[in-house]
Amino acid sequence: MSDVKVRKLESGHTRIRNVPIAVTPEGFWCCPSPAVLQKSLKQSNHHLNKHKKPTSPKAPSLPPEISPIETQTEPVAQNPDPVTAPEPTPETQQRKISVGFGRAETSDLKVVLHGKEGIAVSISAHKEVIYENSSFFREKMGLDSRVTCIELSDCDDVEICVETIGLMYCKEVKSRLVKQSVPRVLRILKVAESLGFKACIISCLDYLEAVPWVGDEEEESVLSSIKTLQINANCRTTTADNSNNNSYDNNVYRASPLLRRVVSSDTTTPPTETLSYIMDMVLKSTDERARREMKTLVLKLLKENNLWVNGSVDICTETLYASCRVCLEALLVSFKQATEPNFADNSLEKKDAVYKKINLEADNILWLVEILCDRNAADDFVMIWAEQDELAQLHAVLSVTCRHVASRITARLFVGIGKGEILPSMQMKTALLNVWLKPLMDDYNWLQHGCRNFERKVVEEGIGRTILTLPLEEQRNILLAWLGSFLRAGDSCPNLQRAFEVWWRRTFVRPYVADRN
């Protein structure tokens, strides 16, 4: 709508082909799709090429609720005066009316929309209706009552523009939007905003506030449209002189409750507190299946969560570590209960409750470690886990059937260090290996055969890479201790031969090669 022309209609006769189109009692017409407009244009061109002197066919009789739609060409005057007739310009020669709406005999204003690919639509409207509802047309018409035609060039969405002008004849615009799709209402909203059709804008906003938005793409489209409205309203507020209009624009565009769906007005409950509450609920869940499903969902959402950026990562990390400490304390209590001298005398039900508690707390810690590793914030947990000397001592007393869950945590830390997800200091890695490598090797056979998601090669590579980051003397001590266990247990012990080869070359080959060079 960059080019707007206001003119009087040329006199003359019009070649018309009548096509039925539904019109409501309120005067609202149903605009065809762009494909129909293109089809009408092709049919009109074919009709003109086939008949050099076409005559106006008799319009078919239509029921009272049906109004004719016109397919027209530019009016041509009969018997023009060669002296007074103006020369046709290239613009008037190329302009064609492909589709027409309304009844020309009862209208006093014609609106012509020029769209893409040569589509042009003529709308027979009424000045009073258009002037009252559209600030855009009101500005173009001004105070000149002689204006009979307004042309809009470069109309991006002719179909919706026709429909929006038709909505100006409706008393209840919102009722006409029922059962419309959200994308189509957004198109209507865009055109209504460009035409200054405030009643339609309010109805579109009310509709969008009432209906659900399906999918992220649709939600983003709605929010983008609302923000565009706000920006345009701010521009008008800055440039307009009429204070009443400014207030009205602010009420229309800023007071909409639409954004409350995605922006909370509650400043008393920060997002980090809500996140902590959600994680606490998941960690304390009593239903195993529901807990497992929600852990997977929350882990997925946290990977996409914007709370981890813009300076909020520290607050969320503190929440995670607080949960880790609570779970570690509960795990230590359960280990102590399971290692009491008279624990075997308890009933089977009590013993199962303790074993389930151990599995629950260890699984919770493993889930929290997974989140920390994904956020590259698990460095401090390596030291926390390496300081659990009492837990490691109790681990040696318990049966492998219930203690192996602790070794899963150790294995995940080694994998994280091997992949570069965790970057602990040399002292942290040394402490981790000294405290938890032997318990891991003791449980290794059970982990291979009793845990479905245990990836042996990944864990072995992580252990080996962790060992090879230490000073050469410590590499020697750890790998020689591993060699003794491997020669006794075989496949029941982690296979660290690749790390052993690297250490061997560093110890026995590299010094002599360096001296020779």
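Scroll up to find the structure.
Because the structure is a prediction, the values reported are computed rather than measured. (Residues numbered from 1 in each chain as written. Predicted model: local features only at pLDDT ≥ 70, side-chain atom pairs only at ≥ 80, totals over all residues. Heavy atoms only, no water.)

Peer 1: Please explain the layout of surface pockets as it appears in this structure.
Peer 2: Empty space among the atoms becomes apparent when a probe as large as a water molecule is rolled across them. By volume, the largest pocket amounts to about 1400 Å³. Lining the largest pocket are 31 residues, and of these Arg292, Asp363, Leu366, Arg408 and Asn453 lie nearest its centre. Counting residues per element, the ones that place at least two in the lining of the largest pocket are α12 (288-303), α14 (348-374), α17 (400-419) and α20 (456-468). The residue inventory of the lining of the largest pocket, partitioned by class, reads eleven nonpolar, seven polar and 13 charged. (1 Å grid on protein atoms, 1.4 Å probe; cavity = no way out; pocket = protein on both sides within 12 Å on 5 of 7 lines; lining within 4 Å. Points joined across faces, edges and corners; volume = space filled by probe spheres on them. Helix = DSSP H or I, 4+ residues; strand = E, 2+ residues; numbered from the N terminus. Nonpolar A, V, L, I, M, F, W, Y, C, P; charged D, E, K, R; others polar.)

Peer 1: Looking at this structure, how should I read a nonpolar patch on the surface?
Peer 2: A surface patch of nonpolar side chains, about 350 Å² in accessible area, is lined by Trp504, Phe508, Val509 and Val513. Examined against the element boundaries, Val513 turns out to sit in helix α22 (residues 497-516). (Patch = residues over 30% accessible without salt bridge, like charges linked within 9 Å, V, L, I, M, F, W, Y side chains within 5 Å. Areas by Shrake-Rupley, 256 points an atom, 1.4 Å probe, with all protein chains shown as cover. Salt bridge = Lys/Arg side-chain N within 4 Å of Asp/Glu carboxyl O.)

Peer 1: Just checking my understanding: could you explain the environment of Arg408 for this structure?
Peer 2: With respect to the helices and strands, Arg408 occurs in helix α17. In this structure, the C-alpha to C-alpha distance between Arg408 and Asp363, residues 45 residues apart in sequence, is 8.8 Å. Setting aside anything within four residues of it in sequence, one finds Arg408 in contact with Asp363, Leu366, Leu447 and Cys451. (Contact = heavy atoms within 4.5 Å.)

Peer 1: What am I meant to see in the pattern of salt bridges here?
Peer 2: When charged atoms on two side chains of opposite charge get close, those side chains can pair. Per the stated rule, a full pass over the model turns up 19 salt bridges. A salt bridge links Glu163 to Arg184, with the shortest nitrogen-to-oxygen separation between them at 2.5 Å. Taken together, the residues Glu163 in helix α5 (residues 158-167) and Arg184 in helix α7 (residues 182-195) connect sequence positions 21 residues apart. Each of the two residues, Glu163 as well as Arg184, counts as buried. With a shortest N-O distance of 2.9 Å, Arg412 and Glu370 are connected by a salt bridge. Separated by 42 residues along the polypeptide, Arg412 in helix α17 and Glu370 in helix α14 bring together distant segments of the chain. Using a relative accessible area of 29% as the deciding quantity, one classes Glu370 as partly exposed. (Buried < 20%, exposed > 50% of the residue type's maximum accessible area, 1.4 Å probe, protein only.)

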